[in-house]
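What the coordinates show
Given next are the chains, with one letter for each unit.
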Amino acid sequence: AQSVTQLDSHVSVSEGTPVLLRCNYSSSYSPSLFWYVQHPNKGLQLLLKYTSAATLVKGINGFEAEFKKSETSFHLTKPSAHMSDAAEYFCVVSDMGRGSTLGRLYFGRGTQLTVWP
Amino acid sequence: NAGVTQTPKFRILKIGQSMTLQCTQDMNHNYMYWYRQDPGMGLKLIYYSVGAGITDKGEVPNGYNVSRSTTEDFPLRLELAAPSQTSVYFCASRGGQNTGELFFGEGSRLTVL
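Below, the structure is looked at part by part.

When you go through chain A residue by residue, the secondary structure sums to zero helices and twelve strands. Element order for chain A, N to C, with α for helix and β for strand: β-β-β-β-β-β-β-β-β-β-β-β. Computed over the C-alpha atoms, the radius of gyration of chain A is 14 Å, within 12% of the 13 Å expected from 2.2 N^0.38 for a compact globule of 117 residues. For the C-alpha atoms alone, the extent of chain A along its principal axes is close to 45 × 30 × 20 Å. Put simply, chain A has 117 residues, and 49% of those count as buried. Across chain A, the fraction of contacts at a sequence separation of at least 24, relative to all contacts at a separation of at least 6, is 58%. Of the roughly 5,500 Å² of accessible surface on chain A, 51% is carried by carbon and sulfur atoms. The centroid of the 10 positive side-chain charges in chain A is displaced by 7 Å from the centroid of its 8 negative side-chain charges.

See below:
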């Protein structure tokens, strides 16, 4: 079965400092992994995705994530936080990898990122 | 360039009332989904559809019904509203390519009192 665990429910950083949002996954086969971002009162937007190509994935707004199979991790990072990065971030695993065409997504519980000026 | 449109954005219901959350997409996507989001719980799949006329249950279907008479529309119906259905509801869709990326509406906040 697929699942993700986001290790921090809240992360606070100062503007201009690095961001690290942690995610561990569980999957019985090669997973597809995603990070989505949700700004207040908005729907979710795809930040980046890993689908068994390069292990270092670059996304929008300067975010990137590294797939580490040995650690079953897919942490999200950004070198320098901006005020506009304040949002909730979801790590997501998909069951696409086992040949399913369904595309069901399994969401982590979310990490709320606060950016202080 | 509308994408996925949900209505209403906000609604307050009394216990036992019924209502329908509307969802429409203009991207000709076959796959559509309804999720609910509760604080600290992520998103849980209620129902999904792989094309017009085909629907199936997700993780938390109890208390809800759906229909998919057209490719564009995927309404979610609550027959007898209960306080446990107080939540934010998101409709999403995707195309046929197996990327896993979903396109989300902006959500419908429902309160049952």
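Before going further, it helps to examine the layout of surface pockets. A volume near 450 Å³ is recorded for the largest pocket. For the largest pocket, the lining is made up of 26 residues, of which Gln 38 and Asn 41 of chain A together with Gln 37, Val 88 and Arg 109 of chain B are closest to its centre. For the lining of the largest pocket, the secondary structure elements donating two or more residues are strand E10 (87-94) of chain A together with strand E9 (87-94) and strand E11 (108-112) of chain B. Per-element tally for the lining of the largest pocket: the top contributor is E11 of chain B, with four residues.

Residue and element names in this part refer to chain B. Burial along strand E1 (residues 4-7) is one-sided: the residues Val 4 and Gln 6 are buried and none of Thr 5 and Thr 7 is. Note that E1 and strand E3 (residues 19-25) share four bridges and pair antiparallel. By the bridge assignment, Val 4 is partnered in E3 with Gln 25.

Moving on, we come to the nonpolar core. Residues Trp 35, Leu 48, Leu 76 and Tyr 89 of chain A are the most contacted members of the largest nonpolar core, which totals 27 residues. Discounting chain neighbours no more than four positions away, the residues touching Tyr 89 of chain A are Gln 6, Leu 21, Trp 35, Tyr 36, Val 37, Leu 47, Phe 63, Leu 76, Gly 110, Thr 111 and Leu 113 of chain A.

Take the interface of chain B and chain A next. Listed as interface residues are 23 residues of chain B and, on the opposing side, 22 residues of chain A. The contact between chain B and chain A buries some 1,900 Å² in all, and 53% of this surface belongs to carbon and sulfur atoms. If you look at where chain B meets chain A, you find one salt bridge. Taking the shortest distance from any N to any O, the salt bridge between Glu 106 of chain B and Lys 42 of chain A comes out at 3.6 Å. Taken together, the links from chain B to chain A amount to two residue pairs in polar contact (both at pLDDT 80 or more). Its residues placed into classes, the side of chain B that touches chain A shows eleven nonpolar, seven polar and five charged.

Looking now at the side chain of Gln 85 of chain B. By the secondary structure assignment, Gln 85 of chain B is in the loop between strand E8 (76-78) and E9. Apart from the residues lying within four places of it in its own chain, the contact partners of Gln 85 of chain B are Arg 36, Asn 62, Gly 63, Tyr 64, Leu 78, Leu 80, Leu 110 and Val 112 of chain B.

All names here are of chain B. With eight of eight residues buried, E9 is to be regarded as a mostly interior element. Here strand E4 (residues 31-37) pairs with E9 via seven bridges, running antiparallel. Directly across from Tyr 35, in E9, lies its bridge partner Phe 90. Sheet topology note: the E9/E11 ladder contains three bridges and is antiparallel. Counterpart to Tyr 89 in the pairing with E11 is Ser 108. The pairing of E9 with strand E10 (residues 103-104) spans two bridges and is antiparallel.

Conventions we followed
Residues numbered from 1 in each chain as written. Chains lettered and ligands numbered in written order. Predicted model: local features only at pLDDT ≥ 70, side-chain atom pairs only at ≥ 80, totals over all residues. Heavy atoms only, no water. Helix = DSSP H or I, 4+ residues; strand = E, 2+ residues; numbered from the N terminus. Rg over C-alpha atoms; globule rule 2.2 N^0.38 Å. Buried < 20%, exposed > 50% of the residue type's maximum accessible area, 1.4 Å probe, protein only. Contact = heavy atoms within 4.5 Å. Areas by Shrake-Rupley, 256 points an atom, 1.4 Å probe, with all protein chains shown as cover. Lys, Arg positive; Asp, Glu negative; His and termini not counted. Charge placed at Lys NZ, Arg CZ, Asp CG, Glu CD. 1 Å grid on protein atoms, 1.4 Å probe; cavity = no way out; pocket = protein on both sides within 12 Å on 5 of 7 lines; lining within 4 Å. Points joined across faces, edges and corners; volume = space filled by probe spheres on them. Pairing = 2+ DSSP bridges. Core = buried A, V, L, I, M, F, W, Y, C linked by side-chain atoms within 4.5 Å. Buried area = accessible area lost by both parts, 1.4 Å probe. Salt bridge = Lys/Arg side-chain N within 4 Å of Asp/Glu carboxyl O. Polar contact = N/O pair within 3.5 Å; in protein donor to acceptor, adjacent residues only side chain to side chain. Nonpolar A, V, L, I, M, F, W, Y, C, P; charged D, E, K, R; others polar.

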